[in-house]
Amino acid sequence: MSRVLGGEYPVSADTRARVLRAVRELDYVADARAKAIAGSGTPTLAFVLEDITRPSFAHMAQGVEREAARLGHLCLVCSTDGNPKQEMGFIEMMRAQRAAAVILVGGAADTPEYRERTRKIADSLASAGSRLVLCGRPPLGPDAPVTAIEYDNEGGAHALVAHVLTQGHRRVLFLGGPPDHTTAQGRVRGYLDAHRARGLEPDPELLLHGDFTRDCGYRLMRRALAQRLEFTAVVAATDLVAAGALTALHEAGLDVPGDVSLAGYDDIPFARDLHPALTTVHVPYQELGRLAVRSALNRSAGNAATHLLLGTHVVVRDSVAHVGP
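The structure displayed is predicted, hence computed values, not measured ones.

Attention shifts here to the nonpolar core. Core analysis: the largest hydrophobic core is formed by 67 residues, its most contacted members being Phe47, Ile103, Leu173, Leu175, Met221, Phe231 and Leu288. Of the residues forming this core, the biggest block, 7 residues, is contributed by helix α10 (residues 239–251). Beyond its immediate chain neighbours, meaning those up to four positions away, Leu288 contacts Met60, Cys135, Ile149, Glu150, Tyr151, Val283 and Leu310. Phe90, Ala108, Leu125 and Val146 belong to the second largest nonpolar core, which has 19 residues in total.

As structure tokens, then:
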């Protein structure tokens, strides 16, 4: 049977017909894992992410899946819930099954432990003929067998806050993510640098940390209002955070942008459907996913480190108003 289904050995027409008839009658399905270990069958890509429910990750996953399908590869999506042990388990499984590449998505705590662990993963995959792709994660250095694909995270935050400042705002509340998370850190740096480029020093009380969820945006906004912090604009670390903040502002009887301006980050599809439509930073998540697949499968540079950077840009809508003279 394997010689007929594999198509790699000559068999007679009569034998082929009998085998194919038996396959149809028995509803036989080949063991994909065995074929992968044997080095045949459809090549597999693993897309490993922290939270599949986050819209930005979902759009990146869509880009990965579509590009993988276009190139004739199977894509497996693995959600870790932020658990490093679970992440490692997925990667080891993909290595054992000889996946063509493993794509790790999202920021991380950039610690020596993270770099050591990720370097071991990269070396292990390379030794098995696979490739590690870091998508939105910090690169490991010039000698690591890794493809790192980033977007201009800090530059996007800088441009967004600069836009808010040019509208006359001087007290800008920032609803940030986890303080040890590289994505959150880049956006905070952009917030701070945009102020300092204009000779301004932001009030430390206006920099709040949480996570990237809608509920966190709601809680942080309620806290800022309860503490009577003075601000005329809010910049949120993600569009989800901005959505939560918007609800809290509306519940407090405040008009956006009449009383308080608001901006987000990511440009996920619902941002344009909020009321008012949200000013934000566009991140090309689908293109990141597609580029991750193409880069992972392009081995022209061998195991050399590769680092690619995609641009971001501000999308001006209706949620930021001009203040002052």
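Okay, back to it.
Attention shifts here to the environment of Thr111. With respect to the element layout, Thr111 can be found in the loop between β3 (101–105) and α6 (112–127). Using a relative accessible area of 29% as the deciding quantity, one classes Thr111 as partly exposed. Each C-alpha atom, one on Thr111 and one on Ser79, is 22 Å from the other, the two residues being 32 residues apart in sequence.

Here we take up the sheet that holds strand β11 (residues 306–310). Pairing is parallel in the open sheet, where 6 strands are placed in the order β2-β1-β3-β4-β5-β11. Only two strands of the sheet have a single partner each, and these edge strands are β2 (74–79) and β11. Pairwise comparison of adjacent strand axes, ignoring direction, gives a mean angle of 15° for this sheet. Both strand β5 (residues 146–151) and β11 contribute to a ladder of 5 bridges, which runs parallel. Bridge pairing in β11 places Ala148 opposite His307. Against the sheet, helix α4 (residues 55–70) contacts β1 (44–49), β2, β3 and β4 (132–135), and its axis sits at roughly 175° relative to β1.

Bringing the pattern of salt bridges into the picture now. A side chain with one charge can pair with a side chain of the opposite charge if their charged atoms come near. Summed over the entire model, instances satisfying the criterion amount to 17 salt bridges. The closest approach of N and O atoms between Glu154 and Arg189, which form a salt bridge, is 2.9 Å. One end of the pair, Glu154, is in helix α7 (residues 153–166); the other, Arg189, is in helix α8 (residues 182–196), with 35 residues separating them in the sequence. The partly exposed category is assigned to Glu154, whose relative accessible area is 27%. The exposure class assigned to Arg189 is partly exposed, which follows from its relative accessible area of 40%. Among the salt bridges present, the one from Arg171 reaches Asp203, with a minimum N-O distance of 3.0 Å. With a gap of 32 residues between them, Arg171 in the loop between α7 and β6 (172–176) and Asp203 in the loop between α8 and β7 (207–209) connect regions that are remote in the sequence. One network of salt bridges, with partners in common, ties together Glu67, Arg70, Glu287, Arg290 and Arg294.

Thresholds applied
Residues numbered from 1 in each chain as written. Predicted model: local features only at pLDDT ≥ 70, side-chain atom pairs only at ≥ 80, totals over all residues. Heavy atoms only, no water. Core = buried A, V, L, I, M, F, W, Y, C linked by side-chain atoms within 4.5 Å. Buried < 20%, exposed > 50% of the residue type's maximum accessible area, 1.4 Å probe, protein only. Helix = DSSP H or I, 4+ residues; strand = E, 2+ residues; numbered from the N terminus. Contact = heavy atoms within 4.5 Å. Pairing = 2+ DSSP bridges. Axes fitted to C-alpha atoms, helices over the stretch in contact; angles between N-to-C directions. Salt bridge = Lys/Arg side-chain N within 4 Å of Asp/Glu carboxyl O.

Function cannot be read off these values alone, since they describe shape.
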